[in-house]
Amino acid sequence: MTKPVPQKTILERFRKELVADDLLHDGDSIGTDDETLLRFLRARKFDLAQSKKMFADCQNWRKTVEGVGIDELYRKIDPFDYPEREAVFDCWPMWFHKTDKKGRPINVQIFGKMDLARLYKVCSPERHWETILVNAECLPREVLPAATRAAGKSINNTLVIVDLKGFGLSQFWQVKALARSSFQISQDYYPETMGQLVIINAPSSFTVIWSVIKPWLSKETVDKVDILGHDYKRVLLEIVDADSLPASLGGECTCEGLGGCSMSGAGPWMIGRKGWGPRSQASQEEAQTVVVTDGSPSVSSMSL
């Protein structure tokens, strides 16, 4: 029987081939660390040729998306501070909020409040799509590295909570195309960044909705999905501390004084950012103090 090639060896070969093929350079914003390259390898089950094609396609997309490339788009739009942000979050609510018990960033998505018709009265579809792209980009660029620093260990994926309360078939058909495009961007260009997807308040019509959505997702993504009804609070609190879970989802957090949980962006990625004053910054730093014991880092508090 042929002995399997160790993953470390495949990773080393992957890096060498990417550099040799001019696909990876020092300082590339896609990320040049081992964990970034491993995400592409995992997404293609460590098939070197398929992983390299995926990486090449991603690099091409990053250079050409929206005619300017993702780096220029990210310079133009700060995902945590742009003029239409309140309107976007009100009508297409998807936001990062603190971390779970494993240290993973929590991404909250409230499908029941989606209303593209209302949103497009104040924000063009093109501008909205750009905000979706920079929101996706901020995960590996800012959010995961900050979560890693706060946890004192590698954090390479997120917990996604999707709330379907009030979300029916009519809304689904309205947002179907945009939702599919968003899923595709995530799977193709930000692979293996979702660690767990918890769907709550699933309505009776969800069987129909899921039958449409499921084919969009890879088998690996489907395997990470937990579908819950209205009795979800106990399950969420097993995953997330109460003071990190928004009160609207059964937790205790309200982000008082920070514009509410949806607008605050609360989490270690906000430290030092504009709009976070000394008191806010100090409270976040205190909540994620890293203590060294026996030569290894551990987190004294994970309220963020």
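Not measured: the values here are computed from a predicted model.

(A) Layout of the packing of helix α8 (residues 169–189) against helix α9 (residues 206–213). Where α8 contacts α9, the axes come no closer than 11 Å and their chain directions differ by 25 degrees. Judged on the interaxial angle alone, α9 and α8 are roughly parallel. For the pair α8 and α9, the crossing hand works out as right-handed. Within the contact between the two elements, α8 uses L169, F172, W173, K176 and F183 and α9 uses V208, I209, V212 and I213. For the contact of α8 with α9, a count of residues per class yields eight nonpolar, no polar and one charged.

(B) Summary view of the pairing of strand β2 (residues 105–110). Burial analysis of β2 places six of its six residues in the buried class, the great majority of the element. With four bridges joining them, strand β1 (residues 94–99) and β2 adopt antiparallel strand pairing. The residue bridging T99 from the neighbouring strand is P105, located in β2. Once β1 ends, the chain turns through five residues before running back antiparallel as β2, passing G103 with a positive phi of about 90 degrees.

(C) Molecular detail of a nonpolar patch on the surface. A surface patch of nonpolar side chains, amounting to about 260 Å² of accessible area, comprises L169, W173 and V208. Following the sequence through the fold, W173 ends up in helix α8. What makes W173 partly exposed here is its relative accessible area of 46%.

Definitions and cut-offs
Residues numbered from 1 in each chain as written. Predicted model: local features only at pLDDT ≥ 70, side-chain atom pairs only at ≥ 80, totals over all residues. Heavy atoms only, no water. Axes fitted to C-alpha atoms, helices over the stretch in contact; angles between N-to-C directions. Helix = DSSP H or I, 4+ residues; strand = E, 2+ residues; numbered from the N terminus. Parallel < 35°, antiparallel > 145°, perpendicular 65-115°, else oblique. Left-handed = near helix turned anticlockwise from the far one by under 90°. Contact = heavy atoms within 4.5 Å. Nonpolar A, V, L, I, M, F, W, Y, C, P; charged D, E, K, R; others polar. Buried < 20%, exposed > 50% of the residue type's maximum accessible area, 1.4 Å probe, protein only. Pairing = 2+ DSSP bridges. Patch = residues over 30% accessible without salt bridge, like charges linked within 9 Å, V, L, I, M, F, W, Y side chains within 5 Å. Areas by Shrake-Rupley, 256 points an atom, 1.4 Å probe, with all protein chains shown as cover. Salt bridge = Lys/Arg side-chain N within 4 Å of Asp/Glu carboxyl O.

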